[in-house]
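Reading the structure
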Amino acid sequence: MKKSLLTIALMALTTGLVAPITALAKEVTLLNVSYDPTRELYVDYNAAFSKYWQAKTGDTVKVNQSHGGSGKQARAVIDGLQADVATLALAYDIDQLSEKANLIPKNWQTHLPNNSTPYTSTIVFLVRKGNPKHLNTWDDLVKPGIGIVPANPKTSGGARWTYLAAYGQALKAPGGSDAKAKEYITKFYKNAAVLDSGARGATTTFVERGIGDVLVGWENEAYLALKEGAGKFEVVVPPVSILAEPPVTVVDKFAKKHGTEKVAEAYLNYLYSDEGQEIIAKNFYRPRNAAVLKKHESQYAKVDLFTIDDVFGGWTKAQKTHFSDGGVFDQIYLK
Amino acid sequence: MSISPSITTAIPSSQYSNYQAKVARSRATSEPFLIRWLLIATVLGFLSLFLIVPLAAVFTEALRKGFAVYLAAITEPDALSSIKLTFIAALIAVPLNLVFGIAAAWAIAKFDFRGKSILITLIDLPFAVSPVIAGLIYVLIFGLQGWFGSTLLDNDIKVIFAIPGIVLASVFVTFPFVARELIPLMQAQGKDEEEAGLVLGATGWQILWRITLPNVKWGLLYGVILTNARAMGEFGAVSVVSGHIRGLTNTLPLHVEILYNEYNYAAAFAVASLLALLALLTLVLKSFVEWKAARDARLNELA
């Protein structure tokens, strides 16, 4: 009897008191469709953003995550995976959301600061402890008998940055030409032990399954593997590499449908805040904010970085020349 | 799961029931000691290398960081939601395939009609098609760029990258199991008993419930067990239509992959061990069903 009275009292409380409060404080869910290595970043960031958003508006935000190779993820959104925000490895993949499915405006990249890229990264080498094969420069990688673990440029964004870093440095080297670069990249993929479909798959192949002598990929991924792999690996930073810019966007069509445009935009904007940039640095990405970057300066090696616009004339052109069907990658890899 | 390792073993027909008595150990059926020993050693070696060692590895890896970590991994909200989703998919796929499997097997085994061989081929199609293609079929039909994509979006119906897509993919890949199990059994039994029932004035439903189904009950159960195991373990087709949203559209096998990719090996193997336990349970049930079927057949013969 006592218990049922209590239940009734509780029910009265819930219906009488809590209901109006929940009516005011909304619960919002966002879906962030992201590329492979950002799992840890967004676990930290989502918690921070929820806290910030609740303090600011009283609403609770739950951010659901989907991760995979960047190209594959773009394809899923195009096929109807209803992402509120897309945070992918490279601009070309987000361009496809506009081009293939008209989900976002063509000029999406102008909507947020720094070309909508809240952080940058680059491509480095991860080798086994003590660097037994002495792999220090790009030229060392293409010696016979070296097993390289890149990912598949057809599906992985990081792998495309890797390809472009390898090609671009050969092009920029003294006496470099397209022919020389093609020759280099042919040798590079001849040494490839496996081509995983995503960056994280490549990392587990190298770290867990012990395949290959060197993992060539994201800086953030290499440092994370270093942290997880307790003293079994070393990061080698090549003298020259590419400035990788992974952009973010609200997927307007789906966000509008869900009524989440405002939250989604705030979610991406907060990436540029001091707290957001701090979390970015903590996860080994390179923050845009100069003060935060300076604070964490010691964790980023000095690399001579070139951009895709300077060397390849932008993503659309690079994609068409190198990664489309019958492009340079197909020509050299099928050989 | 293996596809159909023993379609015939579940057949409770009389030729198997006193098999042992007929081929008791005699000189004609037994090899010299050395050869027998070698064969047994080979089989045991093969079994332990390909089955027992990996199975043991799953459980040792799962328990490497202690039982508390193991328990935490399988009771974590994302893991629980993947368990729930896996059960939902199986709970829908199994009854659907049970009904359609019986209907198809009944039509094929008891009647002659034009296009019968085409129907049999269609039933086998999910075995012939790679699961990835099975998933892509649904993306092509229900995806935003597919046939019904924009209509579905306008009406706010989610098929792929949501639970319906996962259920559809599971139903597709498990479609043949029940029918494949029943067809040879029903064909072997013939239709004499049904015809007798008909002559004695039974209605169609009476014939189904009192003659056809009781005759195939063990084969049917065996098909259901296989269907269930495959529905819960399917990776490829489900992976294509899942969208991989943590805690929402991940089934158990997909959750294992996610955990593994997040350097969370103990948790990945803990969840994998659930799938391994499911497989073991399937094996026990399967043996039980086979034993029951054989016993029934023996009893029938005595009666």
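Bear in mind the structure is a predicted one, so any value in this text is a computation, not a measurement.

1. Concerning the environment of A:Leu334
All names here are of chain A.
- With respect to the helices and strands, the residue Leu334 is situated in helix α17 (residues 328-334).
- On the basis of relative accessibility, which here comes to 71%, the residue Leu334 falls in the exposed class.
- C-alpha of Leu334 to C-alpha of Thr186: the two residues are 148 residues apart in sequence and 9.9 Å apart in space.

2. A few points about the interface of chain B and chain A
- Contacts between chain B and chain A engage 20 residues on the former and 30 residues on the latter.
- When chain B packs against chain A, the two sides together hide about 2100 Å² of surface, and 57% of this comes from carbon and sulfur.
- For the pair chain B and chain A, the interface holds two salt bridges.
- Residue B:Asp156 is joined to A:Lys257 by a salt bridge in which the shortest nitrogen-to-oxygen separation is 2.9 Å.
- In this assembly, chain B and chain A are joined by nine residue pairs in polar contact (both at pLDDT 80 or more).
- Element by element, the count of residues in the side of chain B that touches chain A is highest for helix α14 (residues 252-261) of chain B, at three residues.
- Looking at the side of chain B that touches chain A residue by residue, the classes come out as eleven nonpolar, five polar and four charged.

3. Topic: the sheet that holds strand β3 (residues 85-87) of chain A
All names here are of chain A.
- Across the sheet, four strands lie side by side as β2-β1-β3-β9; this open sheet has mixed pairing. Edge positions in the open sheet fall to β2 (60-67) and β9 (248-250), since each of these has one partner strand only. Strand after strand, the sheet turns through a mean of 20° between neighbouring axes, direction not considered.
- As defined by bridge partners, β3 adjoins β9 across three bridges and the pair is classed as antiparallel. From the neighbouring strand, Val85 faces β9, where its bridge partner is Val250.

4. Quick notes on the packing of aromatic side chains
Residue and element names in this part refer to chain A.
- A complete count under the given rule lists 38 aromatic pairs over all chains for this structure.
- Judged by centre distance (6.1 Å) and plane angle (80°), the rings of Tyr163 and Phe329 are edge-to-face. Note that Tyr163 is positioned in helix α7 (residues 157-172) and Phe329 in helix α17, a separation of 166 residues in sequence.
- With a relative accessible area of 0%, Tyr163 lands in the buried category.
- With 5.3 Å between their ring centres and 10° between their planes, Phe329 and Tyr333 make a pair best called stacked.

5. Description of the domain arrangement of chain A
All names here are of chain A.
- For chain A, the domain assignment lists domain 1 (2-117 + 246-297) and domain 2 (120-244 + 303-334).
- Using only C-alpha atoms to locate each centre, domain 1 and domain 2 end up separated by 30 Å.
- At the interface, 21 residues of domain 1 touch 26 residues of domain 2.
- With both chains or domains summed, domain 1 and domain 2 bury close to 1900 Å², and 60% of this area falls on carbon and sulfur atoms.

6. Some points on the pairing of strand β4 (residues 119-128) of chain A
Residue and element names in this part refer to chain A.
- Of all ten residues making up β4, nine are buried, and the element is well covered by its neighbours.
- Sheet topology note: the β4/strand β10 (residues 286-287) ladder contains two bridges and is antiparallel. Each residue of the ladder has a partner; that of Tyr119, found in β10, is Pro287.
- Pairing of β4 with strand β8 (residues 240-244) involves two bridges; the strand directions are antiparallel. The residue of β8 that forms the bridge with Ser121 is Ala244.
- Pairing of β4 with strand β6 (residues 214-218), which is carried by five bridges, proceeds in the antiparallel orientation. Counterpart to Phe125 in the pairing with β6 is Val216.
- Judged from the four bridges that link them, β4 and strand β7 (residues 233-236) form a sheet pairing that is antiparallel. For Leu126, the partnering residue across the bridge sits in β7 and is Val235.

Calculation rules
Residues numbered from 1 in each chain as written. Chains lettered and ligands numbered in written order. Predicted model: local features only at pLDDT ≥ 70, side-chain atom pairs only at ≥ 80, totals over all residues. Heavy atoms only, no water. Helix = DSSP H or I, 4+ residues; strand = E, 2+ residues; numbered from the N terminus. Buried < 20%, exposed > 50% of the residue type's maximum accessible area, 1.4 Å probe, protein only. Contact = heavy atoms within 4.5 Å. Buried area = accessible area lost by both parts, 1.4 Å probe. Salt bridge = Lys/Arg side-chain N within 4 Å of Asp/Glu carboxyl O. Polar contact = N/O pair within 3.5 Å; in protein donor to acceptor, adjacent residues only side chain to side chain. Nonpolar A, V, L, I, M, F, W, Y, C, P; charged D, E, K, R; others polar. Pairing = 2+ DSSP bridges. Axes fitted to C-alpha atoms, helices over the stretch in contact; angles between N-to-C directions. Phe/Tyr/Trp six-rings, centres within 6.5 Å; stacked < 30°, edge-to-face > 60°. Domains from an automatic or database assignment.

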